[in-house]
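# Structure at a glance
Below are the chains, spelled out letter by letter.
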Amino acid sequence: MPVSTASKPYRIGRSKTGLGLFATQPIKKGVKIIQYFGPLLDSKNEKHDAIENKYLFQISKRWTVDGSIRKNVARYINHSCKPNAESDVNPAKKKIIIRSIKKIQPGEEINYDYGTEYFKEYLKPIGCKCEGCEAKRAKKRAKLRAEKAKAKEKAERKEQKQADKAKRKKDKAKAKKADVKKALKKAPKAAAKKAKAAKKAKTVGEKVPAKKAKAGKAKAKKA
């Protein structure tokens, strides 16, 4: 188990990435929170240079602090792209002090930026889980969902427009078919009516000469 930090302004607690260090009381901006310490490794020493773990903190080209020891509570401080603390490195004294860069409230997780090299090697491959990056991913997911919903809505509108167009075309064809059917139905009646009119006209035409002839005979008899 981690060592107790009851007398300090921080405690070890559960974080999103495992364990983390949390403030137990207000911490002012610019104050020392904790020292990051451990055995010094000399890069000129082959055995030292062969040591590999994620708690190695380089303070110069030659010297590196191996912070993997149990007593180094500072190793529980997680990385953040938007930190509330920073690592103050003193190469001459070979010391690393974690200082606050803003006011930290009780219950708030203490974090600092691990640097570009560490980020690329350890965090980028698995995805940084700090609040800033989580917020960016959430915003990106929300944007993608909005774009997807917009695209779906656009597709639905297009589909509805095509369906309406097809319906209008179908209704128009149906109406045309109905007109043709109606016209065909009326055709025999119209033809019969036309034939009847023609017959009537013929009858009237025949009666007129007959009347004229009758009138002529009557006139001749009178004379």
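Everything here concerns the structure above.
## Structural notes on the pattern of salt bridges
Evaluation of the coordinates by the stated rule reveals 4 salt bridges. Of the charged contacts, one joins Arg 99 and Asp 88 as a salt bridge, the two residues approaching to 2.9 Å between their closest N and O atoms. One end of the pair, Arg 99, is in strand S9 (residues 95–100); the other, Asp 88, is in strand S8 (residues 85–90), and 11 residues separate them in sequence. Classification of Asp 88 by relative accessible area gives partly exposed; the value is 31%. The salt bridge partner of Arg 157 is Glu 153, with a shortest N-O separation of 3.3 Å. One end of the pair is Arg 157 and the other is Glu 153, both in helix H3 (residues 131–222) and 4 residues apart, which spans about a single turn. The partly exposed category is assigned to Glu 153, whose relative accessible area is 44%.

## Structural notes on the pairing of S9
By the bridge criterion, 4 bridges tie strand S3 (residues 32–36) to S9 in an arrangement that is antiparallel. When the sheet's bridge partners are listed, Gln 35 is paired in S9 with Ile 97. Hairpin connection from S8 to S9: 4 residues lie between these consecutive antiparallel strands, with Lys 94 at a positive phi of about 55°.

## Overview of the sheet that holds strand S4 (residues 40–42)
The strand order across the open sheet built from 3 strands is S4-S6-S5, with neighbouring strands paired in antiparallel fashion. A single partner strand is all that each edge strand has here, and the edge strands are S4 and strand S5 (56–58). Taken pair by pair, the neighbouring strands of this sheet meet at an average axis angle of 35°, ignoring direction. With 3 bridges joining them, S5 and strand S6 (residues 63–66) adopt antiparallel strand pairing. Among the inter-strand pairings, Phe 57 is bridged to a residue of S6, identified as Val 65.

## Details of the side chain of Ser 80
Residue position: Ser 80 is located in the loop between strand S7 (78–79) and S8. For Ser 80, a relative accessible area of 5% translates into the label buried. Once residues lying within four places of it in the same chain are set aside, the contact partners of Ser 80 are Asn 111, Tyr 112, Asp 113 and Cys 130.

## Quick word on the sheet that holds S3
Strand order in the open sheet formed by 3 strands is S3-S9-S8, with antiparallel pairing between adjacent strands. Sheet topology places S3 and S8 at the edges, where each strand pairs with a single neighbour. Within the sheet, the average angular offset between the axes of one strand and its neighbour, ignoring direction, is 25°. With 6 bridges connecting them, S8 and S9 associate as antiparallel partners. Its bridge partner being in S9, Glu 86 is matched across the sheet by Arg 99.

## Examining the layout of surface pockets
Each pocket or cavity is described by its volume, and for the largest pocket that value is around 1200 Å³. Along the walls of the largest pocket sit 42 residues, with Lys 54, Tyr 55, Leu 56, Tyr 118 and Tyr 122 positioned nearest its centre. With 5 residues, helix H2 (residues 116–123) is the single largest residue contributor to the lining of the largest pocket. Class assignment for the residues of the lining of the largest pocket results in 18 nonpolar, 13 polar and 11 charged. If you add up the space inside the second largest pocket, you get close to 290 Å³. Taken together, 17 residues line the second largest pocket, and the ones lying closest to its centre are Ser 80, Glu 109, Asn 111, Cys 130 and Glu 131.

## Things to note about unusual backbone geometry
With phi around 55°, Lys 94 is a residue other than glycine that occupies positive phi space. Mapped onto the secondary structure, Lys 94 falls in the loop between S8 and S9. Judged by its relative accessible area of 30%, Lys 94 falls in the partly exposed class.

## Section: the nonpolar core
Considering soluble globular proteins, one finds that nonpolar side chains tend to be buried as a cluster. Ile 33, Ile 34, Ile 77 and Ile 110 are the most contacted members of the largest nonpolar core, which totals 21 residues. Elements with a minimum of two residues in this core: strand S1 (10–15), strand S2 (18–23), S3, S9 and strand S10 (109–112). With 3 residues, S3 is the largest single contributor of residues to this core. Once residues within four sequence positions are removed from consideration, Ile 33 is found in contact with Tyr 10, Ile 27, Ala 85, Ile 98, Arg 99, Ser 100, Ile 104 and Ile 110.

Cut-offs applied
Residues numbered from 1 in each chain as written. Predicted model: local features only at pLDDT ≥ 70, side-chain atom pairs only at ≥ 80, totals over all residues. Heavy atoms only, no water. Salt bridge = Lys/Arg side-chain N within 4 Å of Asp/Glu carboxyl O. Helix = DSSP H or I, 4+ residues; strand = E, 2+ residues; numbered from the N terminus. Buried < 20%, exposed > 50% of the residue type's maximum accessible area, 1.4 Å probe, protein only. Pairing = 2+ DSSP bridges. Axes fitted to C-alpha atoms, helices over the stretch in contact; angles between N-to-C directions. Contact = heavy atoms within 4.5 Å. 1 Å grid on protein atoms, 1.4 Å probe; cavity = no way out; pocket = protein on both sides within 12 Å on 5 of 7 lines; lining within 4 Å. Points joined across faces, edges and corners; volume = space filled by probe spheres on them. Nonpolar A, V, L, I, M, F, W, Y, C, P; charged D, E, K, R; others polar. Core = buried A, V, L, I, M, F, W, Y, C linked by side-chain atoms within 4.5 Å.

Take it as geometry only, folks, not as evidence of what the structure does.
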